[in-house]
Amino acid sequence: MCSDIMDTKIRYGNTIHSDNTINKTIQYSFDSLGALQLFWKERKTIQETEGSWTANISELQICFSYYVDSEEYFKNMVGEEE
């Protein structure tokens, strides 16, 4: 199943909330509708974290969004802005 994923990207939101969390989205891109469908059926075995799943059929993408501590954001983003 994972071999049909063309690309995986991680994005963070623009807002750190008062509980020190920020939205993190993992975007999975596929090369066929069949691959997207298979991943969609098995998606809950991929991530154990509670969050929200969405599928954009026309773009062959599935996104998983959830909240993480802002320290994860800072740790991953330091140096990328230079």
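Because the structure is a prediction, the values reported are computed rather than measured.

Caption draft 1: Representation of the side chain of Gln27 in the model. If you trace the backbone, Gln27 turns up in strand S2 (residues 21-30). For Gln27, a relative accessible area of 9% corresponds to the buried category. Among the polar contacts listed, one links the side chain of Gln27 to the side chain of Arg11, at a separation of 2.5 Å. Those residues in contact with Gln27 that sit more than four places away from it in its chain are Asp7, Thr8, Lys9, Arg11, Gln61, Ile62 and Cys63.

Caption draft 2: Main features of the pairing of S2. Most of S2 is tucked away, with 10 of its 10 residues classed as buried. Of the two faces of S2, the one holding Thr21, Asn23, Thr25, Gln27 and Ser29 and the one holding Ile22, Lys24, Ile26, Tyr28 and Phe30 are both buried throughout. Summarising the sheet, strand S1 (residues 5-12) and S2 pair through seven bridges and their orientation is antiparallel. Its bridge partner being in S2, Ile5 is matched across the sheet by Phe30.

Caption draft 3: Up close: the sheet that holds S1. The antiparallel open sheet is built from four strands, whose spatial order is S1-S2-S4-S3. Only two strands of the sheet have a single neighbouring strand rather than two, namely S1 and strand S3 (52-56). Direction aside, the axes of adjacent strands within the sheet are offset by 20 degrees on average. Sheet analysis places S2 next to strand S4 (residues 61-69), joined by nine bridges and oriented antiparallel. Considered in S4, the bridge of Ile26 is made with Phe64. Those strands touched by helix H1 (residues 33-42) are S1, S2, S3 and S4, and its axis lies near 165 degrees from that of S3. Sheet strands touched by helix H2 (residues 70-77): S1, S2 and S4. Its angle to S4, the strand with the most contacts, is close to 110 degrees.

Caption draft 4: Structural detail: the confidence of the model for the chain. Of the residues in the chain, 89% have a pLDDT of 70 or more, and the chain-wide mean is 89. The weakest mean pLDDT in the chain belongs to S1 at 90; the strongest belongs to S2 at 97.

Caption draft 5: Examining the packing of aromatic side chains more closely. Using the criterion set out here, one finds eight aromatic pairs in the structure. Ring centres of Tyr12 and Tyr73 lie 5.3 Å apart, and the angle between their planes is 75 degrees; on these two criteria the pair is classed as edge-to-face. Residue Tyr12 is located in strand S1, and its partner Tyr73 is located in helix H2; the two are separated by 61 residues in the primary sequence. Ring geometry for Tyr28 versus Trp53: centroids 6.5 Å apart, planes at 20 degrees, classification stacked. Of this pair, Tyr28 sits in strand S2 while Trp53 sits in strand S3, and the two are 25 residues apart along the sequence. Classification of Trp53 by relative accessible area gives buried; the value is 15%. One aromatic cluster is present, formed by Tyr28, Phe30, Phe39, Trp53, Phe64 and Tyr66 through successive ring pairs.

Calculation notes
- Residues numbered from 1 in each chain as written.
- Predicted model: local features only at pLDDT ≥ 70, side-chain atom pairs only at ≥ 80, totals over all residues.
- Heavy atoms only, no water.
- Helix = DSSP H or I, 4+ residues; strand = E, 2+ residues; numbered from the N terminus.
- Buried < 20%, exposed > 50% of the residue type's maximum accessible area, 1.4 Å probe, protein only.
- Polar contact = N/O pair within 3.5 Å; in protein donor to acceptor, adjacent residues only side chain to side chain.
- Contact = heavy atoms within 4.5 Å.
- Pairing = 2+ DSSP bridges.
- Axes fitted to C-alpha atoms, helices over the stretch in contact; angles between N-to-C directions.
- pLDDT = per-residue confidence, 0-100.
- Phe/Tyr/Trp six-rings, centres within 6.5 Å; stacked < 30°, edge-to-face > 60°.

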